[in-house]
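This is what each chain is made of:
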Amino acid sequence: SQQGEEDPQALSIQEGENATMNCSYKTSINNLQWYRQNSGRGLVHLILIRSNEREKHSGRLRVTLDTSKKSSSLLITASRAADTASYFCATGEETSGSRLTFGEGTQLTVNP
Amino acid sequence: NAGVTQTPKFRVLKTGQSMTLLCAQDMNHEYMYWYRQDPGMGLRLIHYSVGEGTTAKGEVPDGYNVSRLKKQNFLLGLESAAPSQTSVYFCASRGLRGSNQPQHFGDGTRLSIL
C-alpha cells in the first residue's frame, strides 16, 4: 500500500500563479522528499526535508512538514509552463532504513 | 555525467518469455533499487540492494529476480513474463552517507507483455 497520499490528483493553473500540492503519510518518518517527473522521463529529486525540520526553501520551491498531522506541502511560486510535470512525495521511514515509499503523485499543468 | 542508465528503453515480450533489464550507475553508489510504475499509481519497490552481492525484497517482488554482482550494476530478471508485468520499470541509486540522501533515477524501461 502507498504510504503517501497526494492531493489534488491533478492541478491546472496559469503561468505566474502559485501551485500547492499536499502529501499525507501514515507512519513515523526520517525524512520526506519531493520528486518531479516529466512525461516519459525518470524522477528528478527536488528537495528533502528532515523530520526535525518544519520548512525548507529551494529557489521557487517551498516545502513544509507537519509531523503532528503527518502531512507536507510543496509550493511552487510564480509557476512557468516548464513546471508542467507530475510531482511525487516520498517518505523515508524510521524502520525501513534505505527505502522510500512514494505517493501516487499530482499532475500539474501550467498553461501559458 | 551519465548517472543512472537503463537498457533497453523499450521492449515487447510474449507471455512466458524471459528477459533481463540492466541498470548501471557511475556514481559509486551503494544502494540500488528497482521500481515499477503503473498508470494512476506511484512507484512500487520491487527489489533493492544495499551493496555489492546483496539483494532484498521490496513491496512487489513476486515474478522478479535480481542480482548485484558488481557494485555499478543491478539486474532485474523476469523468468516467465506475464501480462500483469506490463509496466514502466525504473532503476534508482543512492549514496551511503546517512539515510537523508536523495535517490537518482534512470529514464525507465517500457515493457509490454502480450
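Model, not experiment: these values are computed from the prediction. (Residues numbered from 1 in each chain as written. Chains lettered and ligands numbered in written order. Predicted model: local features only at pLDDT ≥ 70, side-chain atom pairs only at ≥ 80, totals over all residues. Heavy atoms only, no water.)

## Here we look at the packing of aromatic side chains
Piece 1. Taken as a whole, this structure holds eight aromatic pairs over all chains when the rule is applied.
Piece 2. Clustering of aromatic rings is evident, with ring pairs tying together Tyr35 and Phe102 of chain A together with Tyr33, Tyr35, Tyr48 and Phe105 of chain B. (Phe/Tyr/Trp six-rings, centres within 6.5 Å; stacked < 30°, edge-to-face > 60°.)

## Re the side chain of glutamine 85 of chain B
Residue and element names in this part refer to chain B.
Piece 1. Turning to its location among the elements, glutamine 85 is positioned in the loop between β8 (73-78) and β9 (87-94).
Piece 2. Polar contacts involving the side chain of glutamine 85 include one to the main-chain carbonyl oxygen of glycine 63, which spans 3.1 Å.
Piece 3. Among residues more than four places away in sequence, those in contact with glutamine 85 are Arg36, Asp62, Gly63, Tyr64, Leu78, Ser80, Leu111 and Ile113. (Helix = DSSP H or I, 4+ residues; strand = E, 2+ residues; numbered from the N terminus. Polar contact = N/O pair within 3.5 Å; in protein donor to acceptor, adjacent residues only side chain to side chain. Contact = heavy atoms within 4.5 Å.)

## Brief notes about the sheet that holds β8 of chain B
Residues and elements named next belong to chain B.
Piece 1. Spatially, the four strands line up as an open sheet ordered β1-β3-β8-β7, and their pairing is antiparallel. One side of each edge strand has no neighbouring strand; the edge strands of this open sheet are β1 (4-7) and β7 (64-67). With direction set aside, neighbouring strand axes in the sheet form an average angle of 20 degrees.
Piece 2. Where strand β3 (residues 19-25) meets β8, six bridges bridge the pair, whose relative direction is antiparallel. Following the sheet pairing, cysteine 23 is matched in β8 by phenylalanine 74. (Pairing = 2+ DSSP bridges. Axes fitted to C-alpha atoms, helices over the stretch in contact; angles between N-to-C directions.)

## So, the confidence of the model for chain A
Predicted coordinates in regions of low pLDDT should not be interpreted in detail.
Piece 1. Of all residues in chain A, 93% have pLDDT values of 70 or greater, and the mean over the chain is 91.
Piece 2. Looking over chain A, one finds the lowest element-wise mean pLDDT in strand β1 (residues 5-7) of chain A, namely 84, and the highest in strand β7 (residues 61-66) of chain A, namely 98. (pLDDT = per-residue confidence, 0-100.)

## With respect to the interface of chain B and chain A
Piece 1. The partner chain A presents 22 residues to the 26 residues of chain B that form the contact.
Piece 2. Counting the surface lost from both chain B and chain A, the interface buries some 1,900 Å², and carbon and sulfur atoms represent 46% of this.
Piece 3. When the area that chain B buries against chain A is broken down by residue, the three leading residues are Leu43, Asn100 and Phe105 of chain B, summing to 26%.
Piece 4. On inspection of chain B and its partner chain A, the count reaches one salt bridge.
Piece 5. Across the pair arginine 41 of chain A and aspartate 107 of chain B runs a salt bridge whose closest N-O atoms are separated by 3.1 Å.
Piece 6. Looking at the side of chain B that touches chain A, the elements with two or more residues in it are β4 (31-37), β5 (43-49) and β9 of chain B.
Piece 7. Along the lines of polarity and charge, the residues of the side of chain B that touches chain A split into 11 nonpolar, nine polar and six charged. (Buried area = accessible area lost by both parts, 1.4 Å probe. Salt bridge = Lys/Arg side-chain N within 4 Å of Asp/Glu carboxyl O. Nonpolar A, V, L, I, M, F, W, Y, C, P; charged D, E, K, R; others polar.)

## With respect to the state of the cysteines
Piece 1. For the structure on display, the rule yields two disulfides over all chains.
Piece 2. Linked covalently through their sulfurs, cysteine 23 of chain A and cysteine 89 of chain A form a disulfide whose S-S length is 2.0 Å. Handedness here is read from the sign of the S-S torsion; for cysteine 23 of chain A and cysteine 89 of chain A, about 65 degrees, the answer is right-handed. Placement of cysteine 23 of chain A in strand β3 (residues 19-24) and of cysteine 89 of chain A in strand β9 (residues 85-93) is noted, with a sequence separation of 66 residues between them.
Piece 3. Take cysteine 23 of chain A: its relative accessible area is 1%, and that puts it in the buried class.
Piece 4. The exposure class of cysteine 89 of chain A is buried, given its relative accessible area of 1%.
Piece 5. The partner cysteine of cysteine 23 of chain B in its disulfide is cysteine 91 of chain B, sulfur to sulfur 1.9 Å. When the S-S torsion is -75 degrees, as for the bridge of cysteine 23 of chain B with cysteine 91 of chain B, the disulfide is left-handed. (Disulfide = S-S within 2.5 Å. Buried < 20%, exposed > 50% of the residue type's maximum accessible area, 1.4 Å probe, protein only.)

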